[in-house]
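Structural overview for review
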Amino acid sequence: MKTRVVITGIGIVSPAGIGKDEHWRNISSGNSFVSEITKFDASKYLSRIAGQINSDLEKLNTFPKRLLKKIDRFSHLALLASEFAISDAKLNLDAEDKERMGVFIGNAIGGWEFAEVELRDLYAAGLKEVSPYQATAWFPAAPQGQVSIYYGLLGYSQTIIADSASGLVSIGAAYRAIQEGEADVILAGGSEAPISPYGLLCCNTSGVLTTRNDVPQKAYKPFDKDRDGFAIGEGAGIVILENMEHAKKRGAKIYAEISGFSMTNDGIHPTKQDIEGRQLSRAIQMAIKEAGIAADEIDYICANGSATRDGDIAETKAIKAVFGKKASQLPISAPKSAIGNLLGAAGAVDAATTLLAMENSFVPPTVNLENKDESCDLNYTPLKGREHRMKAALVNSIGRGGVNAVMVVRG
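Right, let's walk through the structure included here. In this text, all values refer to a predicted model and were calculated from it rather than measured experimentally. (Residues numbered from 1 in each chain as written. Predicted model: local features only at pLDDT ≥ 70, side-chain atom pairs only at ≥ 80, totals over all residues. Heavy atoms only, no water.)

Time to look at the side chain of Lys20. With respect to the element layout, Lys20 can be found in helix α1 (residues 20-27). Among the polar contacts listed, one links the side chain of Lys20 to the side chain of Asp21, at a separation of 3.2 Å. (Helix = DSSP H or I, 4+ residues; strand = E, 2+ residues; numbered from the N terminus. Polar contact = N/O pair within 3.5 Å; in protein donor to acceptor, adjacent residues only side chain to side chain.)

Time to look at the packing of helix α3 (residues 73-88) against helix α6 (residues 142-151). Two elements in contact, α3 and α6, have axes separated by 9 Å at closest approach and are oriented at 45°. Between α3 and α6, the angle falls in the class oblique. The way α3 lies across α6 gives a crossing that is right-handed. Packed against α3, whose contacting residues are Phe74, Ser75, Ala78, Leu79, Ser82, Glu83 and Ile86, the element α6 presents Ala142, Pro143, Gln146, Val147, Tyr150 and Tyr151 at the interface. Its residues assigned to classes, the contact of α3 with α6 shows nine nonpolar, three polar and one charged. (Axes fitted to C-alpha atoms, helices over the stretch in contact; angles between N-to-C directions. Parallel < 35°, antiparallel > 145°, perpendicular 65-115°, else oblique. Left-handed = near helix turned anticlockwise from the far one by under 90°. Contact = heavy atoms within 4.5 Å. Nonpolar A, V, L, I, M, F, W, Y, C, P; charged D, E, K, R; others polar.)

One pass over the structure, following the stated rule, counts nine aromatic pairs. Relative to Trp138, the ring of Trp112 lies with its centre 6.0 Å away and its plane at 40°, an arrangement referred to as tilted. Taken as a pair, Trp112 in helix α4 (residues 112-125) and Trp138 in the loop between α5 (134-137) and α6 lie far apart in primary sequence, 26 residues in all. Assessed through its relative accessible area of 31%, Trp138 is described here as partly exposed. Ring centres of Phe223 and Tyr380 lie 3.6 Å apart, and the angle between their planes is 10°; on these two criteria the pair is classed as stacked. Placement of the pair is Phe223 in the loop between α8 (197-205) and β8 (232-233) and Tyr380 in the loop between β13 (362-363) and β14 (386-387), with a sequence separation of 157 residues. (Phe/Tyr/Trp six-rings, centres within 6.5 Å; stacked < 30°, edge-to-face > 60°. Buried < 20%, exposed > 50% of the residue type's maximum accessible area, 1.4 Å probe, protein only.)

Our next topic: the state of the cysteines. Inspection of every chain in the model, using the stated rule, returns zero disulfides. Not part of a disulfide, Cys302 finds its nearest cysteine sulfur in Cys376, a span of 16 Å. Under the relative-accessibility criterion, Cys302 is labelled buried at 0%. The class for Cys376 is buried, based on a relative accessible area of 0%. (Disulfide = S-S within 2.5 Å.)

The next subject is the layout of surface pockets. Unfilled space is identified by rolling a water-sized probe across the atoms. Estimates place the volume of the largest pocket at around 580 Å³. Ser206, Val208, Phe230, Thr271 and Arg400 are, among the 29 residues lining the largest pocket, the residues nearest its centre. Among the elements of the structure, α8, α11 (309-323) and β15 (392-399) are those that each provide at least two residues to the lining of the largest pocket. (1 Å grid on protein atoms, 1.4 Å probe; cavity = no way out; pocket = protein on both sides within 12 Å on 5 of 7 lines; lining within 4 Å. Points joined across faces, edges and corners; volume = space filled by probe spheres on them.)

The next thing to look at is the pairing of strand β10 (residues 256-265). The buried fraction of β10 amounts to eight of the 10 residues, a majority that puts the element mostly inside the structure. In terms of strand pairing, strand β1 (residues 5-14) meets β10 through three bridges, oriented antiparallel. For Val5, the partnering residue across the bridge sits in β10 and is Ile258. Where β10 meets strand β16 (residues 403-410), eight bridges bridge the pair, whose relative direction is antiparallel. From the neighbouring strand, Phe261 faces β16, where its bridge partner is Met407. (Pairing = 2+ DSSP bridges.)

Given below as structure tokens:
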């Protein structure tokens, strides 16, 4: 029998708030936290709005200033979310076997805020002016490595790159690792800091960002007839996964059990997805089957909510294919509509938000859904959240090129 895996800690740093409590309070309010980019002059970009973290992060933690000078913002966000998660789980690291503790953190584009400054110095002033930390600050494995080093975690660890699905895939991979006995405790999730000149350029050239810059708070509109793409965002989501027996032995609070996880690929195009949602549907079916429950036992779906025509229609069709007649009554929402698509952190923050929704018996809304697309005719909880008891929830996370990740959590 495979080991049962539970979630015992939540750490979130998002445009909606620093820490899980502030994030939940704001994400459930129905307000939007997408705004005009202010960190640099973004006036020449087609899309120049984002979900931004405006707090002074250096005042919110005890990490050494010497360390912060060596790392990119996406590693800083990962460290901060990890600190929150460890604290929330009441995990005494000194009492743990650190050789049985791992770190699984995903991202989509790496650390370009640090890299851009150093590359400008390279071309303007020469090799000697480039920071020696350039090589370790930008690369995708940096957050996972920095968290491992800072806390001295020596167990099985991975960096996951799967576009916007990276965060949820990281949690899924950590779940599998604990199931197979590779570790007892894993910090898992995603981190992203794409709001830099080059990072924003890369996102703009993807062709999937909203260009409604005049009213940023209204721009990201999943499942809405007038949608034109998503707004990007920055942030991190880290959760603590544990062997259930390990969690019970130390008397940990258990948010939920991960009971099913699945991944599929559409396999039709390097960036586009299958508008019929066939492989997403199969991923949902496989995750539910592994969870050992019937489809009608799912009480809530945290949708990917891409706010692109093909993406929204594909997700709607996939849900209908699995849930049949119940699909129209099933509460569904896309909480990320309030904060932007956090790319490699999106699925992790969605998973953490879903755990908080279950804890509070409340479905967070899909903000800005004012004119529902006739092809997206399910209950996507427009504008205002509602009370709803949830014993089992499903999280969808989709990356460019048709990466489909689906997780089932049970309270």
